[in-house]
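# Observations on the model geometry
So the chains spell out like this:
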Amino acid sequence: MAKNISNNNLDKHLFEQLFHEHFVHLCNFAQSFVYDLDEAKEIVQVVFTNLWLKKEEITTEKSIKSYLYTSVRNRCLNFIRDHKKFRSQLLDLDTAGFDMAYEVDPSGISELENKVEMAIDSLPEKCAEVFKLSRFEEMKYKEIGEKLNISIKTVEAQISKALKHLREELKEYIIIFILFILKMF
Amino acid sequence: MKNDNNHIDYARLIGKYLAKEASAEEITALEKWVAESDENKDTFNKYKQSWILSGINKKNKKIDVEREWVTLSSKLFRNRIEPTPSPKVKELQPGIPLIFRIAAAVVVLFAVSFFLYNFFLKPGTVEMMATTTIETETLSDGTTITLNRNSTFKYPKKFTKDVRKVELTGDAYFEVEHNKNQPFIIESQNIEIEVLGTSFYVDSHEDNSTVEVVVNSGGVALRSDKENQIILKAGDKGIFNKKTGKLFMEKNTDVNYNSWNTKLLVFDDTKLAKVVDKLNEVYDTNIEIINPEIDNYRITVTFDNMTIEAVINILRETLDIVIEKHDNGYFISGE
């Protein structure tokens, strides 16, 4: 419920702590939307700047963490839209109206991190290797194929296998879209 | 996924899209598939969310947090020490003819008067603000409203029209007096909540991405425009997504949604970290768990209208942990 950020004693010290604690995570989050790391960093910088400058005005019923994630996501979507950087209006923007698990329940961020790590670790060995190269090293499918001496088709298959597995493992953190049908009355 | 009909493996396609490997043709094919049904859209969304979640732990060697911090802090904190007025404004001001400056002053004067009139003098409208304490008010029709901290509520002194219209920013619990000839309508951020007589909770802060309504008794209509409305009954939760403009409904699962108001808290095998979050919110205090090992302690307990001191004592004794009081809260340190 309503909690003014300034009530949380957001002094310089706490601000610095928040920055160090979340900057990399927020950049990763932003990069999932805008892909480019420099743009992602810039967006996160602006969000922190605003948090500090407007700390008296900002109220959030959740927590500073969830405020940060929500703001970063919104800025990313605006950025994609304003710079016409989206590849597909439908896939990049129209389907991005979900709230991520950490926005809904930020108390569980560290729990979520553990769960993600476990989910990736529980992938079959080859599958994990391919997925990590793509997701974390940002290697192209072609480069992964060459490095591991496998075909691009195999890379594709491993990535989709990994995604299916992650979707299953992380399902409690994925907000389900409620397809509301007005059945009543 | 229904992907066998035309032999396209959509999971593979989604993977390629997310990894930026999909060709223009593949993107078109995927778009077509996503647009085909809500089920497909939902599947796509789940993959997309999994993809985003999976990146959260990425150790990004290309980010130098220390350097980023220096950039930010030099920008934010140097300005604070030397608050110099923006030079651009300074240069411009002498160039503005006097007549425009007078005109501007007149406009400002009008705007301020209008604002003051609306807020303080407009007959019959009362603005109620809760900042650090919870406020309760009974309206002229007998309706009671409990306004949570950081919330604002506007209502007429007397309901004279054929509807009872009020405005809310923030969150509040309502017990609306029944009157089927004069519906009670709450306006809040592009959404209308219409009721005849019922009790329910509304969470509508400007910074939230959603407006949420939880119904305790009776029925409520949640309306974003003429065509779009959902009817909520006791136990339902209605959600309006401000970004997409969509309305959703689900069963309310949070038994403590109204605890800030009732001071009744029910925890069933709940993690201590979550209990502490809720207590901080309900008692507007600052309890901190210093030893992270304790975060995962679980507790089943009901606190019914207790003081924070009594709650702390129960936690201390039930979990056998050390809790110390400090200036504006408590530290939970260990066994």
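To be clear, the structure that these remarks concern was listed above.
### So, the overall build of chain B
What chain B contains, in helices and strands, is 9 helices and 18 strands. Burial statistics for chain B: of 335 residues in total, 42% are counted as buried. In chain B, 42% of the contacts between residues at least 6 apart in sequence involve partners at least 24 apart. Of the roughly 18,400 Å² that chain B leaves accessible, carbon and sulfur atoms contribute 53%.

### Some details on the pairing of strand E5 (residues 164–175) of chain B
Side chains on a regular strand alternate between the two faces of the sheet. All names here are of chain B. In this structure, strand E3 (residues 144–147) lies alongside E5, joined through 4 bridges in antiparallel fashion. Each residue of the ladder has a partner; that of threonine 144, found in E5, is glutamate 175. Examined bridge by bridge, E5 and strand E6 (residues 184–188) share 4 bridges and lie parallel to one another. Counted as the bridge partner of glutamate 167 is glutamate 187 from E6. Summarising the sheet, E5 and strand E8 (residues 199–204) pair through 6 bridges and their orientation is antiparallel. Residue glycine 170 lies in a different strand from E8, and its bridge partner there is serine 204.

### So, a nonpolar patch on the surface
On the surface, Leu98(B), Ile102(B), Val106(B) and Phe110(B) cluster together into a nonpolar patch covering about 420 Å² of accessible area. For Phe110(B), a relative accessible area of 62% gives the class exposed.

### Looking at the sheet that holds strand E17 (residues 322–326) of chain B
All names here are of chain B. Taken in spatial order, the 3 strands of this open sheet run E15-E18-E17, and their pairing is mixed. Edge positions in the open sheet fall to strand E15 (287–289) and E17, since each of these has one partner strand only. Pairwise comparison of adjacent strand axes, ignoring direction, gives a mean angle of 25° for this sheet. One ladder, built from 5 bridges, connects E17 with strand E18 (residues 329–334); its direction is antiparallel.

### Points about the environment of Phe79(A)
Residue and element names in this part refer to chain A. By the secondary structure assignment, phenylalanine 79 is in helix H3 (residues 64–82). Assessed through its relative accessible area of 10%, phenylalanine 79 is described here as buried. Here the alpha-carbon distance between phenylalanine 79 and glutamate 39, two residues 40 residues apart in the chain, equals 8.9 Å.

### Structural notes on the side chain of Lys16(B)
As for its placement among the helices and strands, Lys16(B) is situated in helix H1 (residues 10–18). Owing to a relative accessible area of 10%, Lys16(B) belongs among the buried residues under this scheme. For Lys16(B), the residues in contact, after removing those within four places along its chain, are Tyr141(A), Glu156(A), Glu21(B), Ala22(B) and Glu26(B).

### A closer look at the nonpolar core
One finds Phe15(A), Phe48(A), Leu51(A), Val72(A) and Leu30(B) to be the most contacted residues of the largest nonpolar core, which totals 78 residues. Here this core gets 11 residues from one element, more than from any other, and that element is helix H1 (residues 12–34) of chain A. Setting aside chain neighbours within four positions, we find Val72(A) in contact with Leu26(A), Phe29(A), Ala30(A), Ile43(A), Val44(A) and Val47(A). Grouped together as the second largest cluster of nonpolar side chains are 30 residues, Ile145(B), Phe159(B), Leu168(B) and Val213(B) included.

### A look at the pairing of strand E16 (residues 298–304) of chain B
Residue and element names in this part refer to chain B. Because side chains alternate across E16, one face comprises the buried residues Ile299, Val301 and Phe303, and the other comprises Arg298, Thr300, Thr302 and Asp304, none of which is buried. As paired elements, strand E14 (residues 264–271) and E16 share 6 bridges and run antiparallel to each other. When the bridges of E16 are listed, leucine 265 appears paired with phenylalanine 303.

### Points about the packing of aromatic side chains
All told, the structure shown has 19 aromatic pairs over all chains when counted by the stated rule. Seen in terms of ring centroids, Phe15(A) and Trp69(B) are 5.8 Å apart; in terms of plane orientation they differ by 55°. Their pairing is tilted. Of the two residues, Phe15(A) is situated in helix H1 and Trp69(B) in helix H4 (residues 65–81); the pairing between them involves two chains. For the pair Phe15(A) and Trp69(B), one class covers both residues: buried.

### Regarding the interface of chain B and chain A
Tallying the contact residues gives 81 residues for chain B and 86 residues for chain A. A combined buried area of about 7,900 Å² lies between chain B and chain A, and 61% of that area is made up of carbon and sulfur atoms. In terms of surface lost to chain A, no three residues of chain B exceed Leu53(B), Ile56(B) and Lys58(B), which account for 9% of the buried area on that side. On the surface where chain B and chain A come into contact, there are 4 salt bridges. In this structure, Glu156(A) engages Arg12(B) in a salt bridge whose closest nitrogen and oxygen atoms are separated by 3.5 Å.

### Regarding the state of the cysteines
Residue and element names in this part refer to chain A. Taken as a whole, this structure holds 0 disulfides over all chains when the rule is applied. No disulfide involves cysteine 76; its sulfur sits 9.6 Å from the nearest other cysteine sulfur, which is in cysteine 27. Judged by its relative accessible area of 0%, cysteine 76 falls in the buried class.

### Concerning the environment of Gly170(B)
All names here are of chain B. The topology assignment puts glycine 170 in strand E5. Considered as a pair, glycine 170 and glutamate 206 are 36 residues apart in the sequence and their alpha carbons are 7.1 Å apart. Other than its neighbours up to four places away in sequence, glycine 170 contacts Asn150, Ser151, Val202, Asp203, Ser204 and His205.

### Observations regarding the packing of helix H8 (residues 141–148) of chain A against helix H9 (residues 152–169) of chain A
Residues and elements named next belong to chain A. Where H8 contacts H9, the two axes come as close as 8 Å, and the packing angle between them is 105°. In terms of orientation, H8 lies roughly perpendicular with respect to H9. Contacts from Tyr141, Lys142, Ile144 and Gly145 in H8 reach Ile152, Val155, Glu156 and Ile159 in H9. Broken down by class, the residue content of the contact of H8 with H9 amounts to 5 nonpolar, 1 polar and 2 charged.

### A word on the packing of H9(A) against helix H3 (residues 38–54) of chain B
One can describe the packing of H9(A) onto H3(B) by two numbers: an axis separation of 9 Å at closest approach and a directional angle of 90°. When the interaxial angle is binned, H9(A) and H3(B) end up roughly perpendicular. In this structure, H9(A) contributes Leu163(A), Lys164(A), Leu166(A) and Arg167(A) to the contact, and H3(B) contributes Thr43(B), Lys46(B), Tyr47(B), Ser50(B), Trp51(B) and Ser54(B). Of the residues in the contact of H9(A) with H3(B), the class split is 4 nonpolar, 3 polar and 3 charged.

Rules used in this analysis
- Residues numbered from 1 in each chain as written.
- Chains lettered and ligands numbered in written order.
- Predicted model: local features only at pLDDT ≥ 70, side-chain atom pairs only at ≥ 80, totals over all residues.
- Heavy atoms only, no water.
- Helix = DSSP H or I, 4+ residues; strand = E, 2+ residues; numbered from the N terminus.
- Buried < 20%, exposed > 50% of the residue type's maximum accessible area, 1.4 Å probe, protein only.
- Contact = heavy atoms within 4.5 Å.
- Areas by Shrake-Rupley, 256 points an atom, 1.4 Å probe, with all protein chains shown as cover.
- Pairing = 2+ DSSP bridges.
- Patch = residues over 30% accessible without salt bridge, like charges linked within 9 Å, V, L, I, M, F, W, Y side chains within 5 Å.
- Salt bridge = Lys/Arg side-chain N within 4 Å of Asp/Glu carboxyl O.
- Axes fitted to C-alpha atoms, helices over the stretch in contact; angles between N-to-C directions.
- Core = buried A, V, L, I, M, F, W, Y, C linked by side-chain atoms within 4.5 Å.
- Phe/Tyr/Trp six-rings, centres within 6.5 Å; stacked < 30°, edge-to-face > 60°.
- Buried area = accessible area lost by both parts, 1.4 Å probe.
- Disulfide = S-S within 2.5 Å.
- Parallel < 35°, antiparallel > 145°, perpendicular 65-115°, else oblique.
- Nonpolar A, V, L, I, M, F, W, Y, C, P; charged D, E, K, R; others polar.

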